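# Reading the structure
Chain by chain, the residues:
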Amino acid sequence: MNLRVVPALFALVLSHGIVAQNMLAPTPPMGWNSWNHFAGKVTDADVRATADQMVSTGMRDAGYVYVNIDDTWQGKRDASGVIYANAKFPDMKALSAYVHSKGLKLGLYSSPGEQTCAGYAGSFGHEAQDAQTYAAWGVDFLKYDLCSFGKQMDTERKAHPDAPEAAAKILMVAAYKKMGDALRATGRPILYSLCQYGFDDVWQWGPGVGASIWRTTGDIDDTYQRMDIIGQSQSDLAPFAGPGHWNDPDMLEVGNGGMKTPEYQAHMSLWALLAAPLLAGNDLTKMTDADRSILLNREVIAIDQDPLGKQGKRMYQYGEINVWTRPLSGNRLAVGMFTSDCCSSRNISVDFAKVGFPDGANVRDVWAGRDLGRHSGIFTGTVGQRGVTLLVLSR
Ligand code: GLA
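In short, a report on the structure. (Residues numbered from 1 in each chain as written. Predicted model: local features only at pLDDT ≥ 70, side-chain atom pairs only at ≥ 80, totals over all residues. Heavy atoms only, no water.)

## Examining empty space enclosed by the protein
If you roll a probe as big as a water molecule over the atoms, it shows you where there is empty space left. So the rule is basically this: Buried and open spaces are told apart on a 1 Å grid over the protein atoms alone, a cavity being a set of points where a 1.4 Å probe fits but cannot get out and a pocket being an open set with protein on both sides within 12 Å along at least five of seven lines. Residues with an atom within 4 Å of a point are the lining residues. Grid points are joined across faces, edges and corners, and a volume is the space filled by probe spheres set on the points. Ten residue types, Ala, Val, Leu, Ile, Met, Phe, Trp, Tyr, Cys and Pro, are classed as nonpolar, four, Asp, Glu, Lys and Arg, as charged, and the remainder, Gly among them, as polar.
Enumeration according to the criterion identifies 1 cavity of 30 Å³ or more in this entry. Reported here for the largest cavity is a volume of approximately 60 Å³. Surrounding the largest cavity, Asn 33, Asn 68, Phe 141, Lys 143, Ser 193, Arg 215, Asp 248, Asp 250, Met 251 and Leu 279 form its lining. Counted by class, the lining of the largest cavity contains 3 nonpolar, 3 polar and 4 charged residues.

## Quick notes on the sheet that holds strand β8 (residues 213-215)
Definition in use: In short, DSSP must find at least two bridges between two strands for them to pair. Secondary structure is summarised from DSSP: a helix means a run of H or I of at least four residues, a strand means a run of E of at least two, and numbering begins at the N terminus for each. To get an axis, fit a line to the C-alpha atoms, keeping to the stretch in contact for a helix; angles then go from 0 to 180 degrees between the N-to-C directions.
Pairing is parallel across the open sheet formed by 8 strands, whose spatial order is β9-β8-β7-β6-β5-β2-β1-β10. Each edge of the sheet is formed by a strand with only one pairing partner; in this case those strands are β9 (246-248) and β10 (278-280). Strand-to-strand twist of the sheet, defined as the mean angle between neighbouring strand axes without regard to direction, takes the value 25°. Pairing geometry for strand β1 (residues 30-33) and strand β2 (residues 66-68), over 3 bridges, is parallel. Note that in β2 the partner of Asn 33 across the bridge is Asn 68.

## Things to note about the packing of helix α10 (residues 224-232) against helix α11 (residues 261-273)
Spelled out, the test is: Here roughly perpendicular refers to angles of 65 to 115 degrees, roughly parallel to angles under 35, roughly antiparallel to angles over 145, and oblique to all remaining angles. Crossing chirality is assigned from the near helix's rotation relative to the far helix, an anticlockwise turn below a right angle marking it left-handed and a clockwise turn marking it right-handed. The contact criterion used is simple: two residues touch if any of their non-hydrogen atoms lie within 4.5 Å.
Interhelical geometry of α10 versus α11 gives an angle of 20° and a closest axis separation of 10 Å. Between α10 and α11, the angle falls in the class roughly parallel. Crossing of α10 over α11 shows left-handed handedness. Contact residues: α10 offers Tyr 224, Met 227, Ile 230, Gly 231 and Gln 232, while α11 offers Glu 263, Ala 266, His 267, Leu 270 and Trp 271. Considering only residue class, the contact of α10 with α11 consists of 6 nonpolar, 3 polar and 1 charged.

## Some remarks on α10
Along an α-helix, residues three or four apart share an orientation, since each turn contains 3.6 residues. Our working rule: Residue burial is assigned from relative accessible area. The probe radius is 1.4 Å, only protein chains are included, and a residue is buried under 20% of its type maximum, exposed over 50%, and partly exposed in between.
Among the residues of α10, those classed as buried are Tyr 224, Met 227, Asp 228, Ile 230, Gly 231 and Gln 232. Of the surrounding elements, those touching the buried residues of α10 are α11, β11 (313-318), β12 (321-328) and β13 (332-339).

## Description of the pairing of β13
Burial runs high along β13: 7 of the 8 residues are buried. Direction of pairing for β12 relative to β13: antiparallel, over a ladder of 8 bridges. Along β13, the bridge assignment pairs Val 323 with Met 337. Counting the residues in the hairpin turn of β12 and β13 gives 3 residues, including Gly 330, whose phi is positive at 70°. Pairing of β13 with strand β18 (residues 388-394) involves 6 bridges; the strand directions are antiparallel.

## Overview of the site of the ligand
Rule in force here: Distances are taken per atom, and a residue is near a molecule or strand as soon as one of its heavy atoms is within 4 Å of it. Identification of polar contacts relies on pairs of N or O atoms within 3.5 Å, with a donor-acceptor requirement for protein atoms, meaning one able to donate a hydrogen and the other able to accept it, and with residues adjacent in sequence counted only if both atoms are side-chain atoms. Only the protein chains shown count as cover for residues, and all accessible areas are computed by the Shrake-Rupley method using a 1.4 Å probe.
Neighbouring the ligand are 13 residues; Asp 70, Asp 71, Lys 143, Asp 145 and Asp 219 lie closest to it. One nitrogen or oxygen atom from the side chain of Asp 219 is found 2.5 Å from an oxygen atom belonging to the ligand. Taking 310 Å² as the accessible area of the ligand by itself, protein coverage stands at 92%. For the shell around the ligand, the class distribution of residues is 7 nonpolar, no polar and 6 charged.

Printed below as a string of structure tokens:
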């Protein structure tokens with residue numbers, strides 16, 4: 001591609017974005033994704049069981065509506081290039097109908113490259129055809145993961161030794177736009193989720209290619225350290241989130257067994273303060289009561305889904321202490337006090353005057369489910385090791 005077209009391309013992408021700005025996600029999308037627990041083993045039966053559990057546990061009614069099949073569903077293409085699911089998913093249309101019959105939505109996964117990250121068929125060269133197939137199956141969500149498209153980007157870098165990174169970025173943005181356009185051309189509302197790990201300021205151009213959410217980081221794993229690093233790194237991205245378009249710090253690990261209950265509460269709290277998509281990643285058929293109470297905490301979900309749609313920011317960091325605030329509708333404010341200290345609890349103080357409540361506030365302790373009454377001046381809470389105190393302040 002001629003690099004002189006760069007400004008024109010971005011102007012086009014942005015203006016197109018305003019027209020294409022969809023409202024499939026007025027608040028951050030909520031649902032479930034197969035990858036964190038099932039990875040390459042996910043089957044039709046797992047997805048059906050998940051859909052059943054989403055209804056019986058109350059998750060659907062709490063807002064978790066997407067049931068997303070991640071990598072490894074893909075089979076072969078036929079002679080005309082039409083993609084088929086593999087033997088783990090004998091009838092995708094029937095599976096989609098089942099998921100829809102439960103009042104849920106179905107998500108799928110592909111890549112702009114020739115292969116997905118797990119080595120299955122990607123959409124390279126078949127974008128429009130794949131989008132049509134997804135629409136015909138009744139798919140409602142597509143996660144589009146960069147994976148092997150790095151090969152095309154490398155070729156592009158070599159072809160433009162004067163400006164290799166700019167050339168690679170243009171190619172990548174065009175590839176994401178191609179699928180965004182293809183999805184829109186189907187006429188079916190399909191929420192478009194970009195996954196390229198936050199490279200190249202995706203938050204700047206994601207809405208312009210039709211995306212509702214975009215990953216901002218590399219992969220999460222089920223450890224407190226990784227979750228904390230990812231979550232705490234997101235403050236500067238707050239201006240890029242808003243109704244219709246959200247930063248995505250990756251899926252939830254709640255319930256996968258690698259963290260303790262207070263650590264999972266910190267995870268869920270931080271994701272809610274970040275206005276992050278809430279995509280559960282655990283085996284819903286084996287959910288403990290503690291995990292269920294975290295994923296289904298209505299007050300935490302309400303913070304995530306607040307209609308004002310403003311992402312929270314870190315107010316301050318001091319050693320292993322982080323304090324976040326998120327403006328909420330009704331002139332309220334969510335305050336998250338975190339300590340990533342491994343071995344002790346800490347007293348953490350917040351000056352209510354400094355967070356916009358000079359005359360004091362009514363304080364709600366969200367995880368305790370208790371009103372703490374009216375406080376003014378300096379409020380001090382005790383936060384357990386690697387835990388959180390999550391407050392909502394109102395006037
Ligand atoms: C990448 C993504 C993950 C998951 C896997 C599947 O690593 O970031 O979320 O989709 O690919 O292979």
